[in-house]
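# Summary of the model geometry
If you want the building blocks of each chain, they are given just below.
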Amino acid sequence: MNLANRLEGQVALITGGGGEIGTAIALRLAAEGSAIVVGDLELAKAQATADKVIAQGGRATAAQIDVSDAAACEAIVAFAKQSFQKLTTLVNVAATVIPDGTVETLSLDQWNRAIGVNLTGAFLMCKYGVPHMRAAGGGSIINIASQLGHLGVQHRAPYCTTKAALIFFTKILAQDHAPDNIRANSISPGFILTERSSKRVGGKDKARVLNGPRHLLNRPGEPEEIAAGAAFLASSDASFVTGTDLLIDGGYVTFKGRMTPEGKTVMVS
Ligand SMILES: NC(=O)c1ccc[n+]([C@@H]2O[C@H](COP(=O)([O-])OP(=O)(O)OC[C@H]3O[C@@H](n4cnc5c(N)ncnc54)[C@H](O)[C@@H]3O)[C@@H](O)[C@H]2O)c1
C-alpha cells in the first residue's frame, strides 16, 4: 500500500513531540503527507524532531510548551495556525514521570503535577485546538494513554490514575465533538522501549529482558509501532473510529503472566 499521501492536507500538532514516541509519530505523520508542529517542554528536543521531519522532506515547525500552562497551550495552537493556516490533528503525547511512592510519601505537588501535565494538559490542548479543528471541517484527536491506565501497578498511582482518566476523558470528548466531525481516540501502548521507560530498570537491554516477557508477543514494542497506530487514527482509514482506546500492547493487557523463552505462557499469581 502506498501511504505517501494518506495524510495530505493535514496539519498535526504533537505535544511531547521531542520524546521518542512523539518523534516517531511526527516522522510517520509527515511521511504520509501531514505538516507537523512539534511542541515540547524542551525546545531543543522539539527542534530536533522538526529538523528530522524537514530532513526527510517534510514540513515542520517547533515551539517550547508546558502543556500544564493554559496560556502556553493557547499560544502553540495559534502558532500552528500561523505556521500552516489550519489545524486538523492533535496528538497529546506529553507526560511527566513522578517518582514512585504511596499516598504517604508522595507530595501534593507531585500528585498535582501528574494531573496537570498528563490529564489537564490534554484538556487544555483540546480546549484551544477544537475550535480550529471545527473551523477546518473536522479532524482527529489522539491521546496517548498507557497499558497502565488499564492494569495499574503499585507505587505509581499518579501515572496510572491520570492515564485511566485520559482514556475516559477521550470517550467524552468523542461524544461532545462528533457533531463537529472531530473524532477522538486514545492509544494505550504496552511497554515501549524508550530511554524514559527503560531508566527504572537500568537501561534498554535490561528492559528488553525484564519487560518483554510480560507481553504475549514476548518483546517490548517500538515507538514506530505506536506511530503506525497514530497514523491510522489520523487518516480517513479510521473514518468510522471514534471514542475507542486502541491497545498497541503486544497482548500485555490480555493476560496476567509472563512468556518463557520457549514462547509458553506462565501465569503469575
Ligand atoms: N515508553 C513506554 O513504555 C510507554 C508506555 C505507555 C505509554 N507511554 C506514553 O507515551 C508517551 C511518550 O513516552 P516516551 O516513552 O516517548 O517518553 P519521552 O520522555 O521520550 O517523551 C515524553 C516527552 O514529553 C515531554 N514533556 C514532559 N512534560 C511536558 C510538559 N509539561 N509539556 C510538554 N512536554 C512535556 C518531554 O520533554 C519528552 O520529550 C507518554 O505519554 C507516555 O506516558 C509510554
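Quick note: structure is the one above.
Residues numbered from 1 in each chain as written. Predicted model: local features only at pLDDT ≥ 70, side-chain atom pairs only at ≥ 80, totals over all residues. Heavy atoms only, no water.

## What about the packing of aromatic side chains?
- On inspection of all chains with the given rule, the structure shows one aromatic pair.
- Between F123 and F169, the ring centres sit 6.5 Å apart and the planes meet at 55°, which makes this aromatic pair tilted. One end of the pair, F123, is in helix α4 (residues 108-135); the other, F169, is in helix α5 (residues 157-177), and 46 residues separate them in sequence.
- Assessed through its relative accessible area of 41%, F123 is described here as partly exposed.
- In this structure, R156 is placed above the aromatic ring of Y159, and the distance from its NZ or CZ to the ring centre is 4.8 Å. (Phe/Tyr/Trp six-rings, centres within 6.5 Å; stacked < 30°, edge-to-face > 60°. Helix = DSSP H or I, 4+ residues; strand = E, 2+ residues; numbered from the N terminus. Buried < 20%, exposed > 50% of the residue type's maximum accessible area, 1.4 Å probe, protein only. Lys NZ or Arg CZ within 6 Å of the ring centre and 35° of its normal.)

## Things to note about helix α3 (residues 70-84)
- Between its first and last C-alpha, α3 extends 22 Å over 15 residues, near the 21 Å set by a 1.5 Å rise per residue.
- When we look at burial in α3, the residues that qualify are A72, C73, I76, V77, A80 and F84. Down the axis of α3, the buried side of the element spans an arc of 140°, and every buried residue falls inside it. Across from the buried face of α3, at angles greater than 90 degrees, the exposed residues are A71 and Q82.
- The inward-facing, buried residues of α3 abut β1 (11-15), β2 (35-40), β3 (60-64) and α4.
- You can read the cap of α3 off the contacts: a side-chain oxygen lies 3.0 Å from the backbone nitrogen of A71, and it is on D69. (Expected span 1.5 Å × (residues − 1). Arc of directions from axis to C-beta. Contact = heavy atoms within 4.5 Å. Polar contact = N/O pair within 3.5 Å; in protein donor to acceptor, adjacent residues only side chain to side chain.)

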